[in-house]
Amino acid sequence: MYDIKNVAQAFFPNESIISVDPLGNGHINSTFLVTTNINKYTMQKINTSIFKDVDGLMANVQAVTHHIRDMARQSGIDPTRATLHFMLAPDGNRYLNYEGDIFRAYIYIDNAYSIEKMENAEDFYQAGIAFGKFANDLSGFDASVLTETIKNFHNTVSRYNDFEKAVSDNISGRRDEVQEEIEFVRQRKEFTHMFVDRLNDGSLPVRVTHNDTKLNNVLFDKDTNLPTTVIDLDTVMPGSYLYDFGDAMRSGSTHAAEDEKDLSLVDFDLGLYEAFTKGYLSMCKDSLTETEIELLPYASIMLTLECGMRFLGDHLNGDTYFKIHREGHNLDRCRTQFKLVSLMEQNVDNMKAIIEKYAK
Ligand code: ADP
Ligand code: GN1
Ligand code: MG
């Protein structure tokens, strides 16, 4: 096995590497902060068993960041912090192949932090503005230039089928211990069609979206405490506004961590829900169709169910997709998601009222 410092040195042959440290809590890639005598970089080993077409992926990142930087320049926003900026490898490629592993590097967004667990409504309101602005910035972007980096990423019908396959394969042998969770998903089988069927019949528009709007994928500036950059652009591709809205609510409308073991701490806070809705819709409500507004109250339920179903599937498959840091980690994550789904289901009317208030 190689030393990660040697990888950084190979990426930046003309700089002295001072340190390479693990960064962040992403579940997919391995992320490092590289400090050199000249600059700081975020270097990532891309998970190529998940992202199989790295050329397509990096072409997406280039096109999207270029577009967002242009939009920033037009509105007088600092283009260096408005989006990610990747570095070319010494051979001019958009990534470095080091002993068969694939690495890319971004300029590190300094003096910024990401939030793992929502503490206050103001931050979530600001995250709503950041993701709403992201939606807005990409509303004029030509979707046809984008590669679908993970097929059927938020197709909840195909996710349901993947889940049933994981149940029947039972690779980990854990099926008998999770009967209650399996039943929870099966009771919601019909529901998984709600968005997919409407995307298929054209009544729900396809948008270019982020598709991974987890709270820790937005960086906040340490001086202003305002969002500075939406990061983790690997899944930017055709999708739906419902996905970005719903997935942000999944991670930010509760005070609990995604992997909280004490389920009594998993709450659903309508104040947080309202804060994000207000921020998000203030940026993009004018481009929403009636169907999108009508379905928005179900988005957080759908995306939270989908994520819980994926965690459970991975638990059954023997933890091959999401990084885990303890035994049963994916099951703990699944349980917080299902608790949240139940709480959200009890609040559909409240969510509708909030959305009506801010979609006007
Ligand atoms: P993953 O796909 O594994 O989630 P991310 O791209 O989201 O990887 O990066 C993981 C974490 O690293 C982020 O949540 C964030 O905390 C930190 N991070 C990533 N890129 C940067 C950057 N350019 N500047 C500062 N921090 C970053
Ligand atoms: C992964 O990459 P990261 O950690 O930001 C996953 C998301 C899940 C999320 C759950 C490419 O996000 O889809 O919602 O974990 N990303 C991918 O925490 O599968
Ligand atoms: Mg991430």
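For the structure, see preceding data.
Residues numbered from 1 in each chain as written. Chains lettered and ligands numbered in written order. Predicted model: local features only at pLDDT ≥ 70, side-chain atom pairs only at ≥ 80, totals over all residues. Heavy atoms only, no water.

Details of the overall build of the chain
A tally of helices and strands in the chain yields 12 helices and 11 strands. At 20 Å, the chain has a C-alpha radius of gyration in line with the 21 Å of a compact globule built from 360 residues. Viewed in the frame of its principal axes, the chain has a C-alpha envelope of about 60 × 50 × 40 Å. Per-residue burial over the chain gives 54% buried out of 360 residues. With an accessible surface of roughly 15,500 Å², the chain has 47% of that area assigned to carbon and sulfur atoms. Counting 36 positive and 55 negative side-chain charges, the chain places the averaged centre of each group 0 Å from the other. (Helix = DSSP H or I, 4+ residues; strand = E, 2+ residues; numbered from the N terminus. Rg over C-alpha atoms; globule rule 2.2 N^0.38 Å. Buried < 20%, exposed > 50% of the residue type's maximum accessible area, 1.4 Å probe, protein only. Areas by Shrake-Rupley, 256 points an atom, 1.4 Å probe, with all protein chains shown as cover. Lys, Arg positive; Asp, Glu negative; His and termini not counted. Charge placed at Lys NZ, Arg CZ, Asp CG, Glu CD.)

A short note on the site of ligand 2
Residues in contact with ligand 2 amount to 18 residues; listed here are only the nearest, H27, K214, E258, R310 and Y321. D232 places a polar side-chain atom, nitrogen or oxygen, 2.9 Å from an oxygen atom of ligand 2. Between Y321 and ligand 2, the recorded distance is 2.5 Å, taken from a side-chain N or O atom to an oxygen atom. Protein chains shield 97% of the accessible area of ligand 2, which is 450 Å² for the free molecule. Of the residues forming the shell around ligand 2, the biggest block, 3 residues, is contributed by helix α10 (residues 290-317). (Near = heavy atom within 4 Å. Polar contact = N/O pair within 3.5 Å; in protein donor to acceptor, adjacent residues only side chain to side chain.)

Overview of the pattern of salt bridges
Taken as a whole and assessed by the stated rule, the structure comprises 19 salt bridges. Note that R81 and D221 form a salt bridge whose closest N and O atoms lie 3.0 Å from each other. One end of the pair, R81, is in helix α3 (residues 79-82); the other, D221, is in strand β9 (residues 218-221), with 140 residues separating them in the sequence. The salt bridge involving R186 is made with E164; its shortest N-O contact spans 2.8 Å. (Salt bridge = Lys/Arg side-chain N within 4 Å of Asp/Glu carboxyl O.)

Points about the coordination of the magnesium ion (ligand 3)
Geometry reference: four tetrahedral donors at a metal, ideal angle 109.5 degrees. Six octahedral donors, ideal angles 90 or 180 degrees. Taken together, N217 (OD1) and D232 (OD) make up the full set of protein donors to the magnesium ion (ligand 3), lying 2.2 to 2.3 Å away. Pair noted here: N217 is in the loop between β8 (207-209) and β9 and D232 is in the loop between β10 (227-230) and β11 (237-239), with a separation of 15 residues, a long-range link. Residue N217 is classed as buried on the basis of its relative accessible area, which comes to 5%. Exposure remark for D232: the relative accessible area of 26% places this residue in the partly exposed category. (Donors = N, O, S within 2.8 Å, 3.2 Å for Na, K, Ca; no water.)

Quick notes on the site of ligand 1
Taken together, 19 residues lie around ligand 1, and N29, Q44, S114, N216 and N217 are the ones closest in. At a separation of 2.9 Å, an oxygen atom of ligand 1 approaches a polar side-chain atom of Q44. N217 places a side-chain nitrogen or oxygen 3.0 Å from an oxygen atom of ligand 1. Considered on its own, ligand 1 offers 560 Å² of accessible surface; in the complex 95% of this is hidden by protein. Looking at the shell around ligand 1 residue by residue, the classes come out as 8 nonpolar, 10 polar and 1 charged. (Nonpolar A, V, L, I, M, F, W, Y, C, P; charged D, E, K, R; others polar.)

Structural notes on α10
Between its first and last C-alpha atoms α10 spans 39 Å; for 28 residues at 1.5 Å apiece the expected length is 40 Å, and the two agree. A maximum bend of about 55° is found in α10 at P297. Within α10, 23 of the 28 residues are buried, which leaves the element mostly enclosed by the surrounding structure. (Expected span 1.5 Å × (residues − 1). Bend = angle between axes of the 7 residues up to and from the residue.)

Digging into the nonpolar core
In this structure, F195, F245, F276, Y280 and L312 are the most contacted members of the largest nonpolar core, which totals 96 residues. Among the elements that line this core, the one with the most residues is α10, at 13 residues. When residues no more than four places from it in sequence are discounted, the contact partners of L312 are F163, V178, E181, I182, V185, L331, C334 and F338. Core analysis: the next-biggest nonpolar cluster, separate from the first, contains 16 residues, Y2, I17, F32 and L96 among them. (Core = buried A, V, L, I, M, F, W, Y, C linked by side-chain atoms within 4.5 Å. Contact = heavy atoms within 4.5 Å.)

What to know about the environment of G328
With respect to the element layout, G328 can be found in the loop between α10 and α11 (329-345). G328 sits 107 residues away from D221 along the chain, and the two C-alpha atoms are 34 Å apart.

Considering the sheet that holds strand β7 (residues 112-114)
Taken in spatial order, the 3 strands make up an open sheet running β7-β9-β10, and their pairing is antiparallel. The outermost strands of the open sheet, each flanked by one partner alone, are β7 and β10. This sheet shows a mean twist of 35° between the axes of neighbouring strands, independent of strand direction. Bridge count between β7 and β9: 3 bridges; the pairing is antiparallel. (Pairing = 2+ DSSP bridges. Axes fitted to C-alpha atoms, helices over the stretch in contact; angles between N-to-C directions.)

A short note on the pairing of β9
Regular strands show a simple pattern: their side chains alternate between the two faces of the sheet. Residues V218 and F220 line one face of β9 and the alternating positions L219 and D221 line the opposite face, and both faces are buried. Judged from the 3 bridges that link them, β9 and β10 form a sheet pairing that is antiparallel. When the sheet's bridge partners are listed, L219 is paired in β10 with T229. Count of turn residues in the β9/β10 antiparallel hairpin: 5 residues, of which N225 carries a positive phi of about 60°.

Some details on the packing of helix α6 (residues 179-186) against α11
Packing of α6 against α11 brings their axes to within 11 Å, and their N-to-C directions diverge by 45°. In terms of axis orientation, α6 runs oblique to α11. Crossing geometry of α6 relative to α11 is assigned as left-handed. Of α11, the residues touching α6 (which contributes E181, F184 and V185) are L331, C334, R335, F338, V341 and S342. Class assignment of the residues belonging to the contact of α6 with α11 gives a composition of 6 nonpolar, 1 polar and 2 charged. (Parallel < 35°, antiparallel > 145°, perpendicular 65-115°, else oblique. Left-handed = near helix turned anticlockwise from the far one by under 90°.)

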